[in-house]
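Residues per chain are reported as follows:
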Amino acid sequence: TDRADLDSTFLVALDDLPAQVRLLGRIFHNAGFDQRSAVFNAAKSGTSFVELALKLLERHPDKRFVFFLDDHIVAHQGNASLTLSGFIIGQQLLARLRAEAQDHRVLALMRSANDDPETLAAYSTKLHGHFPKEIVTDAAFQGALLAKLNARFNMEPGA
């Protein structure tokens, strides 16, 4: 993967913990994606995330998208708190994209600390896989991201 491949990639994250939102923003910035990334606080935008994601895809028709989705999300609507699943949100997003023939542009990953083999298999079957929350250093993030991009979009490393 060369810089041109990365320049055509947009990163999007959904997490409900403010510390994770800040961490992802920093990692995306340090990886050179500050102009091609968005980190949504799921506590505020979790219930409308699919629509927000579709609008981003529409605004950037020439970009590939990588979605990093937190699994357990607490969203707030008015005075009510809702528990959402990033796994289900990811499946809903992919279903909408398949219906619009746009799923070929997307890599949807669960960003989770869960390493249970059964759960990881579900992430790979229903989405495009798993991205461990333990990956927090810039170099580890870039390496793991490149591996996932290469696998999903059949890009040759260093090509």
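Residues numbered from 1 in each chain as written. Predicted model: local features only at pLDDT ≥ 70, side-chain atom pairs only at ≥ 80, totals over all residues. Heavy atoms only, no water.

Caption draft 1: Geometry of the pattern of salt bridges. Summed over all chains, the structure comprises six salt bridges. Residues Asp 7 and Arg 36 are paired through a salt bridge, measuring 3.9 Å at the closest nitrogen-oxygen approach. Here the residue Asp 7 occupies a position in helix H1 (residues 3-7), and Arg 36 occupies one in the loop between helix H2 (18-30) and strand E2 (37-41), the gap between them amounting to 29 residues. Its relative accessible area of 35% is what places Asp 7 among the partly exposed residues. Relative accessible area serves as the criterion here: at 13%, Arg 36 is assigned to the buried category. Between Lys 133 and Asp 70 there is a salt bridge, and its shortest N-O distance comes to 3.0 Å. (Salt bridge = Lys/Arg side-chain N within 4 Å of Asp/Glu carboxyl O. Helix = DSSP H or I, 4+ residues; strand = E, 2+ residues; numbered from the N terminus. Buried < 20%, exposed > 50% of the residue type's maximum accessible area, 1.4 Å probe, protein only.)

Caption draft 2: Spotlight on empty space enclosed by the protein. Applying the stated criterion across every chain, the model contains one cavity of 30 Å³ or more. Size it by volume and the largest cavity reaches roughly 40 Å³. Residue lining of the largest cavity: Leu 6, Ala 31, Phe 33, Gln 142, Leu 145 and Leu 146, and that is the complete set. Tallied by class, residues from the lining of the largest cavity come to five nonpolar, one polar and no charged. (1 Å grid on protein atoms, 1.4 Å probe; cavity = no way out; pocket = protein on both sides within 12 Å on 5 of 7 lines; lining within 4 Å. Points joined across faces, edges and corners; volume = space filled by probe spheres on them. Nonpolar A, V, L, I, M, F, W, Y, C, P; charged D, E, K, R; others polar.)

Caption draft 3: Molecular detail of the pairing of strand E5 (residues 80-85). Relative to E5, strand E4 (residues 72-77) runs antiparallel, the two sharing six bridges. The partner of Val 74 across the bridge, within E5, is Thr 83. Hairpin geometry of E4 and E5 is characterised by an intervening segment of two residues between the two adjacent antiparallel strands and by a positive phi of about 60 degrees at Gly 78. (Pairing = 2+ DSSP bridges.)

Caption draft 4: Local environment of helix H5 (residues 86-99). With 14 residues, H5 should cover 20 Å at 1.5 Å per step; its first-to-last C-alpha distance of 20 Å lies within 8% of that length. The complete set of buried residues in H5 reads Gly 86, Phe 87, Ile 89, Gly 90, Leu 93, Leu 94 and Leu 97. All buried residues of H5 project into a common sector of 160 degrees when viewed along the axis, lining one side. Backbone nitrogen of Phe 87 and a side-chain oxygen of the N-cap are separated by 3.2 Å at the start of H5; the cap is Ser 85. Looking at the residues trailing H5, positive phi occurs at Ala 101, about 55 degrees. (Expected span 1.5 Å × (residues − 1). Arc of directions from axis to C-beta. Polar contact = N/O pair within 3.5 Å; in protein donor to acceptor, adjacent residues only side chain to side chain.)

Caption draft 5: Representation of the confidence of the model for the protein chain. In the predicted model, the protein chain carries a mean pLDDT of 86, and the fraction of residues at 70 or more is 91%. Mean pLDDT across the elements of the protein chain bottoms out in H1 (64) and peaks in strand E3 (residues 64-70) (94). (pLDDT = per-residue confidence, 0-100.)

Caption draft 6: Representation of the sheet that holds strand E1 (residues 9-15) in the model. Strand order in this open sheet of five strands is E2-E1-E3-E6-E7, and the pairing throughout is parallel. Taken across any chain shown, the strands that pair with only one partner, and hence form the sheet edges, are E2 and strand E7 (130-132). The average undirected angle you get between the axes of adjacent strands in this sheet is 20 degrees. Its contacts with the sheet place helix H7 (residues 138-153) against E1, E3, strand E6 (106-112) and E7, and it is angled at close to 140 degrees to E6. (Axes fitted to C-alpha atoms, helices over the stretch in contact; angles between N-to-C directions. Contact = heavy atoms within 4.5 Å.)

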